[in-house]
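Residues per chain, in single letters:
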Amino acid sequence: MGVEEQRAGKFYVERDVLDELCLDQVARRRTHSTTPPLKERVKDSLRCSMPKLKRSVLSTLPVLSWLPRYSVRDNGLGDLISGISVGIMHLPQGMAYALLASVPPVFGLYTSFYPVLVYCILGTSRHISIGTFAVISIMIGSVTERLAPDSDFTFLNGTNGTAVLDVTARDAYRVQIAASTTVLSGLFQVLLGMVRFGFVVTYLSEPLVRGYTTGAATHVVVSQLKYIFGIHPARFSGPLSQVYILIDICRHLPETNIGALVVSLVALVVLIVVKELNSCYEKKLPLPIPIELIVIVAATLISYYGNLNSQYDVAVVGEIPRGLKSPSLPDASLWGTVVGDAFAVAIVGYAINISLGKTFGLKHGYKVDSNQELVALGLSNTVGGFFQCYSVTSSMSRSLIQESTGGRTQVAGVVSSVIVLITILQLGTLFGELPKAVLSCIVFVNLKGMFKQYLDIPALWKSNTVDLLVWLVTLVCTILLNLDLGLAASIAFSLLTVIFRTQLPRYSILGQVPGTELYLDTDTYEEAKEIPGITIFRSSTTVYYTNAELYLDALQKKSGIDVGKLLTRKKKRDAKQKRKDEKGEKKAKKENGVNGPNGTVHPEDKVDVEKGSPDLKENRTDIALTDRPTNGQVNWAYEQQWTGLDLGSETGSHGDDAITQMSSTVGEEKRGRSSKTHTIILDLSTASFVDTVTVMMLNNIFRDYSEIDIDIYLAGCQVCVVEQLSRASFFSESIPKSRLFTTVHDAVLHSLRLQGASDVPIYECALDMACTTKM
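Notes on the structure follow.

What to know about the overall build of the protein
Turning to step 1, where the next piece is worked out: Across its full length, the protein carries 32 helices and 14 strands.
Turning to step 2, where the next piece is worked out: Relative to its full complement of 775 residues, the protein shows a buried share of 46%.
Turning to step 3, where the next piece is worked out: Look at the contacts in the protein between residues 6 or more apart in sequence, and 78% of them connect residues 24 or more apart.
Turning to step 4, where the next piece is worked out: Total accessible area on the protein is roughly 39700 Å²; 60% of this is exposed by carbon and sulfur atoms.

A few points about a nonpolar patch on the surface
Turning to step 1, where the next piece is worked out: Taken together, the side chains of L191, M194, V195, F197, F199, Y203 and L495 define a hydrophobic patch exposed on the protein surface, amounting to about 700 Å² of accessible area.
Turning to step 2, where the next piece is worked out: By secondary structure assignment, the location of V195 is in the loop between helix 9 (167–194) and helix 10 (206–229).

Some details on the sheet that holds strand 8 (residues 519–521)
Turning to step 1, where the next piece is worked out: Taking strand neighbours across the sheet as the criterion, the six strands line up as 8-7-9-12-13-14 in an open arrangement whose pairing is mixed. At either end of the open sheet lies a strand with only one pairing partner, and these are strand 8 and strand 14 (740–741).
Turning to step 2, where the next piece is worked out: Sheet analysis places strand 7 (residues 507–512) next to strand 8, joined by three bridges and oriented antiparallel. Looking across to strand 8, one finds that Q512 is bridged to Y519.
Turning to step 3, where the next piece is worked out: Of the strands in this sheet, strand 7, strand 9 (534–539) and strand 12 (679–683) are in contact with helix 23 (residues 548–559), which crosses strand 9 at around 145°.

Let's talk about the nonpolar core
Turning to step 1, where the next piece is worked out: Counting residues in each nonpolar core, the largest one holds 93 residues, and the members touching the most others are M139 and L439.
Turning to step 2, where the next piece is worked out: Among the elements that take part in this core, helix 15 (residues 335–364) stands out by supplying ten residues, more than any other.
Turning to step 3, where the next piece is worked out: Beyond its immediate chain neighbours, meaning those up to four positions away, L439 contacts P92, M95, A96, L99, I296, V317 and L434.
Turning to step 4, where the next piece is worked out: The next biggest cluster of nonpolar side chains, apart from the first, holds 35 residues, and it includes L566, L698, Y705 and F730.

What about the packing of helix 9 against helix 16 (residues 370–386)?
Turning to step 1, where the next piece is worked out: At a minimum axis distance of 7 Å, the contact between helix 9 and helix 16 shows a crossing angle of 155°. For the element pair helix 9 / helix 16, the angle class is roughly antiparallel. Note that helix 9 runs across helix 16; the crossing there is left-handed. Facing A179, T182, V183, S185, G186, L187, Q189, V190, L192, G193 and M194 of helix 9, the residues of helix 16 in contact are N371, L374, V375, L377, G378, L379, N381, T382, G385 and F386.
Turning to step 2, where the next piece is worked out: Of the residues assigned to the contact of helix 9 with helix 16, the class counts are eleven nonpolar, ten polar and no charged.

Observations regarding the packing of aromatic side chains
Turning to step 1, where the next piece is worked out: Considering all chains together, one arrives at 18 aromatic pairs under this definition.
Turning to step 2, where the next piece is worked out: Seen from their ring centres, F236 and Y244 are 5.8 Å apart, and the 55° between their planes marks the pair as tilted.
Turning to step 3, where the next piece is worked out: Aromatic pair F702 and F730: ring centres 5.8 Å apart, planes at 75°, arrangement edge-to-face. A residue pair is termed long-range when its members are at least 10 positions apart, and F702 in helix 30 (residues 692–707) and F730 in the loop between helix 31 (719–727) and strand 14 qualify at 28 residues. In terms of burial, F702 and F730 fall into one category: buried.

Considering the side chain of D691
Turning to step 1, where the next piece is worked out: Relative to the helices and strands, D691 resides in the loop between strand 12 and helix 30.
Turning to step 2, where the next piece is worked out: No salt bridge is formed by the buried D691; the nearest opposite charge belongs to R727, separated by 12 Å.
Turning to step 3, where the next piece is worked out: A polar contact of 2.8 Å, which involves the side chain of D691, links it to the backbone nitrogen of Y545.
Turning to step 4, where the next piece is worked out: Residues contacting D691, with those up to four places away along its chain left out, are Y544 and Y545.

Some words on the packing of helix 10 against helix 12 (residues 258–280)
Angle between the axes and distance between the axes: these two values describe a pair of packed helices.
Turning to step 1, where the next piece is worked out: Interaxial distance between helix 10 and helix 12 falls to 6 Å at its minimum, and their mutual angle equals 115°. Accordingly, the angle class assigned to the pair helix 10 and helix 12 is roughly perpendicular. Across from Y227, I228 and F229 in helix 10, the residues of helix 12 making contact are A260, L261 and S264.
Turning to step 2, where the next piece is worked out: Among the residues forming the contact of helix 10 with helix 12, the class breakdown is five nonpolar, one polar and no charged.

Examining the environment of E206
Turning to step 1, where the next piece is worked out: Within the secondary structure, E206 sits in helix 10.
Turning to step 2, where the next piece is worked out: Taking the C-alpha atoms as reference points, E206 and V470, 264 residues apart in sequence, are found 9.8 Å from one another.

What to know about the state of the cysteines
Turning to step 1, where the next piece is worked out: On inspection of all chains with the given rule, the structure shows zero disulfides.
Turning to step 2, where the next piece is worked out: There is no disulfide at C720, and the cysteine sulfur nearest it, in C717, is 9.4 Å away.
Turning to step 3, where the next piece is worked out: C720 sits in the partly exposed class, given a relative accessible area of 29%.

Thoughts on unusual backbone geometry
Turning to step 1, where the next piece is worked out: Positive phi values are uncommon outside glycine, yet S102 reaches one of about 60°.
Turning to step 2, where the next piece is worked out: Along the chain, S102 turns up in the loop between helix 5 (72–100) and helix 6 (105–111).
Turning to step 3, where the next piece is worked out: For S102, a relative accessible area of 9% gives the class buried.
Turning to step 4, where the next piece is worked out: Although it is not a glycine, D709 sits at a positive phi angle of roughly 60°.
Turning to step 5, where the next piece is worked out: Positionally, D709 belongs in the loop between helix 30 and strand 13 (711–715).

What about the pairing of strand 7?
Turning to step 1, where the next piece is worked out: Of all the six residues making up strand 7, six are buried; the element is thus mostly covered by neighbouring parts of the structure.
Turning to step 2, where the next piece is worked out: Burial along strand 7 is two-sided: the face carrying Y507, I509 and G511 and the face carrying S508, L510 and Q512 are both buried.
Turning to step 3, where the next piece is worked out: Two strands pair when backbone bridges link them, and strand 7 and strand 9 are joined in this way by four bridges, in the antiparallel orientation. The partner of I509 across the bridge, within strand 9, is F537.
Turning to step 4, where the next piece is worked out: Counted between consecutive antiparallel strands, the loop separating strand 7 from strand 8 contains six residues, among which G515 sits at a positive phi close to 85°.

Scoring rules and cut-offs
- Residues numbered from 1 in each chain as written.
- Predicted model: local features only at pLDDT ≥ 70, side-chain atom pairs only at ≥ 80, totals over all residues.
- Heavy atoms only, no water.
- Helix = DSSP H or I, 4+ residues; strand = E, 2+ residues; numbered from the N terminus.
- Buried < 20%, exposed > 50% of the residue type's maximum accessible area, 1.4 Å probe, protein only.
- Contact = heavy atoms within 4.5 Å.
- Areas by Shrake-Rupley, 256 points an atom, 1.4 Å probe, with all protein chains shown as cover.
- Patch = residues over 30% accessible without salt bridge, like charges linked within 9 Å, V, L, I, M, F, W, Y side chains within 5 Å.
- Salt bridge = Lys/Arg side-chain N within 4 Å of Asp/Glu carboxyl O.
- Pairing = 2+ DSSP bridges.
- Axes fitted to C-alpha atoms, helices over the stretch in contact; angles between N-to-C directions.
- Core = buried A, V, L, I, M, F, W, Y, C linked by side-chain atoms within 4.5 Å.
- Parallel < 35°, antiparallel > 145°, perpendicular 65-115°, else oblique.
- Left-handed = near helix turned anticlockwise from the far one by under 90°.
- Nonpolar A, V, L, I, M, F, W, Y, C, P; charged D, E, K, R; others polar.
- Phe/Tyr/Trp six-rings, centres within 6.5 Å; stacked < 30°, edge-to-face > 60°.
- Lys, Arg positive; Asp, Glu negative; His and termini not counted.
- Polar contact = N/O pair within 3.5 Å; in protein donor to acceptor, adjacent residues only side chain to side chain.
- Disulfide = S-S within 2.5 Å.

Dropping the structure here:
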C-alpha cells in the first residue's frame, strides 16, 4: 500500500482490497487493551498522593481554586454592583415566590439567603444566581397544599358556629412539609452527584424542559388568580385539578374584591411599562430600574396609610418576624409520603440549573462540572432545609442581571446575601402591610420569559416535528396531570419517541457516484447508480432487537428478493427433481441404460425436453434458471425476478427477446436495478452496537441467502461492533472474517473480482483532490 503525491492539491492512492483480516495485518491490530485492568484502576483510585489530594479538595471545594487568586481591582466593583442589583431582586421575588410555595413570605427571604451562601462555596458556575424560582416554588406548593389543606385546620367557632381557619398552625405545618421535601430532594441530588450520575439530566431534552416550564408557568398563573381577584376558591388536587380550579374561580368571580383588583391592575401596568423601558434602554441605562422594589415600597406605604386591609379587605402579607430562625431537624416521617415529589424537584431543579450554568460557561469560556453542580445544589437544599428554606435552583432573570451588571464571580452572590440578611434583620417588619396582590403581579410579570416559550411552536414546526410533539405533549401532560405525574409522563413519551425513531429508520439502497468511491442513497441522489448484480443496503440507525425484524423485511423489499418464497420453491423443486431422478433411474435400469457420471442425458429425455413434455412446459422457468449457473450452482434468486416472463416457445430460456423482456420488466419494477443479483452488501457503518437478536438475524441472512446462491458481505463496521460480533461467536467457517470489509467500495471490488471482472475500474475524483483506487 502506498501513497504517491503527484502535485499540490491532488493525490493518488493505490492499495489492496481490505477485508477485516487484511486490515488487522496492515493496521497492526493491538492484541491487548490499552485500558488498565480493573484491578489496577481500583488500586489507582485508592492510592493517595499530594497532587491527587489537592485535585480532590479543589474539585470538592471550588471556592479554594478561585478565591485565593481573586483580584479586587479587576472584579471587585463589578461584583459589588451586580450583588446589590441581584439582592434587590431577591427581596420581592423571594416574598412573591413564597406564596407559590404556600408558606409565609419571610421564608422566601430565608431561601434567598442560606442556599446562596452554600452555593458560593461549592458551585462551579460564576454567573448563575441561586435562590427562589417559580417552577420549583409551585412544585413545593403542590406538596404543601396537598398534605396540609385548609380543611384540616378549620374548626367551628363555639360562639356563632362559623368556620374559622387556624392560619398559624396551617402555615407552621406547611413550612415543615416544605423543609422535609427540600432536605430529601437535596439528599437525592448529593447522592446522584457522588456516584457521578450527572448525566441523568440528558434524559430531559430541551423541548421537554421548555414545555415543562411553560406548563408549570400555567400552574403559577392559576395559583395566583385568587390573590389578583381577592377571592377564595376551593382547592383541588390530582389530574385535571387546574381545570376544576379555573371553573371554581369563574364561579367565584361575582365575589371579586374590587380593592384587590384595582391594586393588581395598577401594579401590573407599572411593572410592565417600566420593565419594557428597561429592555428598550438596556444599553443606555447603567443599571436596570429596580421597579419591583419600588412597587413593593410604594404599595406598602399606600396600604399602610390607606388602611386597605381594614377598610377594603385587601389581603396583606401580615407580620414578618425579625431575625433568623434557628436550625431544626426535618420531619423524616414525611419522607415516605413526599419521596416522589422530592425526586421530581431534584431532577427538575438540577436540569434548570445545569442548562443555565453551561450556557454561561460556554459564553465566558470556563467549564461547569455537572457532577459537582449536582452536589452543590444538593447541599444548598439540604442545608437550607434545616433552616426552614424550600428548594432552590438558578433563576434566569436574576442570572442575566448578575452577568449584565458586571458580575464575574460568586462574590456577587455573597453581596446579594448580605442585602437579604439586612432586610431580614432590620427591614422585614416594614413590609407587613404589603398587599399579596402586588406580589402576585410581580410573579406574573416575571413569567414573561416562560410564556415567550410558546414561540417554540412555530420554530419547532419548521425544524423538527418530533421535538414539537414532545413539547406539546409535555405541556398538555403538565397542565392536565399536575407537575409530578406530568413530568413522569413527559419523560416516558420522550423516550418512546427515541425508540420509535430507531424502530422506523430510513432504509436505503446505495449506488455509486460515477468517477468516485462514494456510495449514496439512490432515492436522494440522481447520479448515484446501482452496480449491476450488487445490492448495497443500509439502515440509518443501529440495528437491535426492536427493529431487527423490520430491517430484515426492508432488506427483502428493497432488494426485491423474497427469501422465504424462494426457499420454499427450491425445496419443492428439489423434491420434485429427486422424484424425477428416481423415476428416470428406474426407467433406465429397465431399459438397461444408465446415465454416466458426467450427468449426460439419454436421447429419450432430450427428446422429451425438445418436444416439451407437460412437466417441463409447466416449469419452463426451471430450465432458464439451470442455464444460468453461479459458481456452478443455480442462483435461485433469479427465479422470482423471471417469474411471469414469456421466455419463448421454441428456444425456452435461451431467447434474447425473453432476456430483453426480463431486463425491461425488472428495470421498471426495481428502478433499473439489475435482475441478476449475485451479491448483497450490508453497510453497517451506522451501527454502534449489536445485540444477540442482531447476531441471530445476521446469521440467518448469511444462511438463507447462501442457499439461493447470493453472497453476503458486511462493510463499514466499527471496531466495537466487530469485537461484539467476535464475542458472540458470529464468525465461523461458514462466515469467515473475510466477509467483513473496511469500506463498501472494498466489498464491491471484491465481489466484482469473484464474478470475473475483466479489469478494475480506476476512479478519479472531480474534486479538489483526485483519488485512484485499484484492487
